[in-house]
Amino acid sequence: MADRYILLSLDVEEFDLPKEYGIEISDDDAINKSTEGLLKVIALIESFNIQCTCFITAYFAENNKKLINTISQRHEIASHGYYHSKNLEGDLIKSKTTIEEIISKKVIGYRQPRLSKIELHRLIEAGYSYDSSINPIWLPKRYNNLSKARVPFKNDHLWVLPISASPIIRYPLFWLSFKNTPESLYQMIAKWTLRQDKYLNIYFHPWEFTDLSEFNLPFYIKKHSGIEMLQRLEDLLNILKNEGTFMTNAHYVNKILN
């Protein structure tokens with residue numbers, strides 16, 4: 001068990017998901033929704049005395065400086081771009097330096113919003129040490145990454161930490177799968193993947209841990225949200241704590257891979 005590592009992360013962004021479905025939401029409400037969920041899920045994670053990595057948009061961080069500073073005292077803060085819905089030239093550097101100014105710590109990790117494709121050389125040029133933007137699965141209209149590695153690899157001077165998918169069949173283990181797979185089956189596949197790969201990289205969004213009933217979103221997104229989602233994550237953490245060692249992405253890169 002000592003050589004099995006669990007990377008738990010949160011994509012902390014303004015809750016702009018409703019806009020993808022033509023639902024208007026104000027900037028303030030988008031920030032507040034994610035803040036509500038972040039407070040709940042961080043409290044749960046800390047009740048297990050474990051650390052996580054928070055990939056945060058600079059825009060969210062600017063609107064939550066005190067909270068992000070507090071979280072950074074115990075957990076890793078990494079970049080999730082400047083805004084979640086738009087990528088502008090220079091944002092890779094700007095998001096990094098903005099967050100660094102807020103937390104007074106170096107940011108070494110990056111995750112592209114929606115796990116869309118990012119040219120790795122641009123991350124190296126921007127000063128990042130690792131990227132966690134690859135979901136090595138096939139998902140219609142979203143990902144076609146079956147040729148990508150499932151486990152960490154180095155590309156030039158950059159470590160790439162793929163989101164976990166199971167051996168052989170590449171069953172996805174990202175947030176959407178967690179919500180829509182029977183709980184016991186997901187737990188079984190997560191344990192299998194960790195035992196085979198010695199590595200498990202899973203992530204969630206703070207807004208998943210809030211009540212989404214007011215939004216006309218697809219059922220597969222709203223399913224098991226709020227209190228149910230917190231309970232499901234608590235159940236998973238109770239199982240995984242006996243299967244491996246939780247650590248931040250930065251710790252894994254600096255102490256295990258290097």
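First, a word on what this report is: a plain description of the structure on this page. Values in this document were obtained by computation on a predicted structure and should not be read as measured data. (Residues numbered from 1 in each chain as written. Predicted model: local features only at pLDDT ≥ 70, side-chain atom pairs only at ≥ 80, totals over all residues. Heavy atoms only, no water.)

Here we come to the overall build of the chain. When helices and strands are tallied, the chain shows 11 helices and 11 strands. A compact globule built from 258 residues should have a C-alpha radius of gyration of about 18 Å, and the chain, at 17 Å, falls within 12% of that. By its C-alpha atoms, the chain is 45 × 40 × 35 Å across when sized along the principal axes. The proportion of buried residues among the 258 residues of the chain is 58%. Partitioning the intrachain contacts of the chain with sequence separation of at least 6 by distance along the chain shows that 72% fall at a separation of at least 24. Counting only carbon and sulfur atoms, one obtains 50% of the accessible surface of the chain, whose full area is about 11500 Å². (Helix = DSSP H or I, 4+ residues; strand = E, 2+ residues; numbered from the N terminus. Rg over C-alpha atoms; globule rule 2.2 N^0.38 Å. Buried < 20%, exposed > 50% of the residue type's maximum accessible area, 1.4 Å probe, protein only. Contact = heavy atoms within 4.5 Å. Areas by Shrake-Rupley, 256 points an atom, 1.4 Å probe, with all protein chains shown as cover.)

Counted according to the given criterion, the structure contains 9 salt bridges. With its nearest N and O atoms 3.5 Å apart, the salt bridge here joins R114 to D16. Linking R114 in the loop between β4 (109-110) and α6 (120-126) with D16 in the loop between β1 (5-12) and α1 (17-20), this pair joins segments that are 98 residues apart in sequence. Residues R114 and E20 are paired through a salt bridge, measuring 2.8 Å at the closest nitrogen-oxygen approach. Here the residue R114 occupies a position in the loop between β4 and α6, and E20 occupies one in helix α1, the gap between them amounting to 94 residues. When salt bridges that share partners are traced, they join R4, R195 and E243 into one network. (Salt bridge = Lys/Arg side-chain N within 4 Å of Asp/Glu carboxyl O.)

This part covers the packing of helix α8 (residues 183-197) against helix α10 (residues 227-240). At their nearest, the axes of α8 and α10 sit 11 Å apart, and the two run at 35° to each other. Of the two elements, α8 crosses α10, and the hand of that crossing is right-handed. Across the interface between the two elements, E183, Y186, Q187, K191 and L194 of α8 pack against R232, D235, L236, I239 and L240 of α10. Grouping the constituent residues of the contact of α8 with α10 by class yields 5 nonpolar, 1 polar and 4 charged. (Axes fitted to C-alpha atoms, helices over the stretch in contact; angles between N-to-C directions. Left-handed = near helix turned anticlockwise from the far one by under 90°. Nonpolar A, V, L, I, M, F, W, Y, C, P; charged D, E, K, R; others polar.)

Next up on the list: the packing of aromatic side chains. Any pair of aromatic rings gets described here by the distance separating the centres and the angle formed by the planes. Counting across every chain of the model gives 14 aromatic pairs. Both rings, one in F15 and one in W207, keep their centres 5.3 Å apart while their planes meet at 40°; by these two values the pair is tilted. Here W207 lies in the loop between β10 (199-204) and α9 (219-222) and F15 lies in the loop between β1 and α1, a separation of 192 residues in the sequence. Assessed through its relative accessible area of 2%, W207 is described here as buried. Ring geometry for F55 and Y130: centres 6.4 Å apart, planes at 85°, overall edge-to-face. Of the two residues, F55 sits in strand β2 (residues 53-56) while Y130 sits in strand β5 (residues 130-131), which places them 75 residues apart along the sequence. In this pair, the class of F55 matches that of Y130, namely buried. (Phe/Tyr/Trp six-rings, centres within 6.5 Å; stacked < 30°, edge-to-face > 60°.)

Turning next to the environment of N135. Here N135 is to be found in the loop between β5 and β6 (138-139). Placed 91 residues apart in sequence, N135 and L44 show a C-alpha to C-alpha distance of 25 Å. Apart from the residues lying within four places of it in its own chain, the contact partners of N135 are L115, Y143, N145, I163 and F174.

Within the fold, T35 resides in helix α2 (residues 27-47). A polar atom in the side chain of T35 sits 2.8 Å from the backbone oxygen of I31. Those residues in contact with T35 that lie beyond four places of it in its chain are F60, N64 and L67. (Polar contact = N/O pair within 3.5 Å; in protein donor to acceptor, adjacent residues only side chain to side chain.)

Tracing the sequence through the fold places F178 in helix α7 (residues 175-180). F178 sits in the buried class, given a relative accessible area of 2%. Here the alpha-carbon distance between F178 and H224, two residues 46 residues apart in the chain, equals 9.4 Å. Ignoring sequence-local partners within four residues, the contact set of F178 consists of Y186, F204, M229, R232, L233 and L236.

Coordinates in, geometry out; function isn't part of it.
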